[in-house]
Amino acid sequence: MIQWVKVNKASDVFEISNKALQASLTELTLILISLFNACVTHKYYLKQFKKAQTIVLCKSKKSDYTDLKTYQLIALLDTMSKILKSIMIKRLSDIAETHHMLSNAQMRVRCKWFMISALNLLVDQVHAVWSCKIKYMIFMLSLNIAEVFNHVLHTKLLHILRMRKTSNYIVKWTRSFLKNRESLLTFNEQTSAMQRVNADISQRFFISSILFLFFNASLIKKCKALEIKIEVLNFVNDINILIYDKITESICKSLSRAYDICAK
């Protein structure tokens, strides 16, 4: 894992860079193996790994800097924690694929599933409908649910992992990973004291992306359970609901029912 990390990334809050890890690989390998094995064995995510530094950057050429959207947040995460999360992503992904825990309509952070896979699947679905003898009309409702990342109920997520019979050590490790995260905040060359971060399933964590696919799995199932002609495509933070029928009014009613399920 350490050999594959990008060396031109910024250092973490403790000023440890990926380049430094790679340069010390020979000396660190056995130490990190012991450390990571202990984290997995004890289902624990180190408190030190939960500390970050969030840099606030102003976006250029904006007219109103009182709007929060004119700022960009860059989180400098613990360098060694990224290696551990990569290992857990691999384990969680392998379990999901081996035991078919996720729908084929769910994309990203999955082995051999990329953006082009989502586009190809969407095109294939449309062509399949067009090839029918009955002339169907096709509508698609696209929902951006990125904001949900920061409002996921951790108890619900852990319950879903248990219901899908995910390994107990992964469930307990995930619970430890999700709680008690802290960050410094740096803005205009001023740095705050370490503060608790409540929205701690960030969209920028790849481990969060695979967890979010599990969280969304029941949504895909509920949409497909509707007694209508429907296909659902989920690319982590986007839900695309494709509905086809002969009558426009029926399609609109079906889209409304699907939207109500997603909103709830």
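Thresholds applied
- Residues numbered from 1 in each chain as written.
- Predicted model: local features only at pLDDT ≥ 70, side-chain atom pairs only at ≥ 80, totals over all residues.
- Heavy atoms only, no water.
- Helix = DSSP H or I, 4+ residues; strand = E, 2+ residues; numbered from the N terminus.
- Contact = heavy atoms within 4.5 Å.
- Buried < 20%, exposed > 50% of the residue type's maximum accessible area, 1.4 Å probe, protein only.
- Pairing = 2+ DSSP bridges.
- Salt bridge = Lys/Arg side-chain N within 4 Å of Asp/Glu carboxyl O.
- Expected span 1.5 Å × (residues − 1).
- Polar contact = N/O pair within 3.5 Å; in protein donor to acceptor, adjacent residues only side chain to side chain.
- Axes fitted to C-alpha atoms, helices over the stretch in contact; angles between N-to-C directions.

A. Highlighting the side chain of Lys50. Locating Lys50 in the fold gives a position in the loop between helix H2 (25–41) and strand E1 (51–58). In this structure Lys50 touches Tyr45, Ser176, Phe177, Lys179, Asn180, Arg181 and Glu182, once residues within four positions along its chain are discounted.

B. Representation of the pairing of strand E7 (residues 230–234) in the model. For E7, a buried count of 4 out of 5 residues is recorded, marking the element as mostly surrounded by other parts of the structure. Sheet topology places E7 next to strand E8 (residues 238–245); 5 bridges connect them, and they run antiparallel. What sits directly across from Leu233, in E8, is Asn240.

C. Fine view of the pattern of salt bridges. Scanning all chains against the criterion turns up 3 salt bridges. A salt bridge links Glu182 to Lys51; the nearest nitrogen and oxygen atoms lie 2.9 Å apart. One end of the pair, Glu182, is in strand E4 (residues 181–187); the other, Lys51, is in strand E1, and 131 residues separate them in sequence. Across this residue pair, the class does not change: Glu182 and Lys51 are buried. When the shortest N-O distance is used, the salt bridge between Asp94 and Lys90 registers 2.7 Å. On the criterion of helical spacing, the pair formed by Asp94 and Lys90 is a turn pair, its members being 4 residues apart in helix H3 (residues 79–98).

D. Fine view of the pairing of E1. With 6 of 8 residues buried, E1 is to be regarded as a mostly interior element. Pairing geometry for E1 and E4, over 5 bridges, is parallel. Bridged to Ile55 within E4 is Thr186. Bridge count between E1 and strand E2 (residues 71–77): 7 bridges; the pairing is antiparallel. Residue pairing for E2: Cys58 is matched across the bridge by Tyr71.

E. View of H3. In this model H3 runs 29 Å from its N-terminal to its C-terminal C-alpha over 20 residues, within 8% of the 28 Å that 1.5 Å per residue would give. Three or more residues of H3 are buried, namely Thr79, Ser81, Ile83, Leu84, Lys85, Met88, Ile89, Leu92, Ser93, Ile95 and Ala96. Near the N-terminus of H3, the side chain that reaches the backbone nitrogen of Met80, with its oxygen 3.0 Å away, is that of Asp78. His100 sits one or two residues past H3 and shows a positive phi near 55 degrees.

F. Broad picture of the sheet that holds strand E3 (residues 137–144). Ordered in space as E3-E8-E7, the 3 strands form an open sheet in which the pairing is antiparallel. Strands with a single pairing partner mark the edges of an open sheet, and in this sheet they are E3 and E7. On average, each strand axis in the sheet is tilted by 15 degrees relative to the strand beside it, whichever way the strands run. Along the sheet, helix H8 (residues 248–263) contacts E3, E7 and E8; its crossing angle with E8, the most-contacted strand, is approximately 155 degrees.

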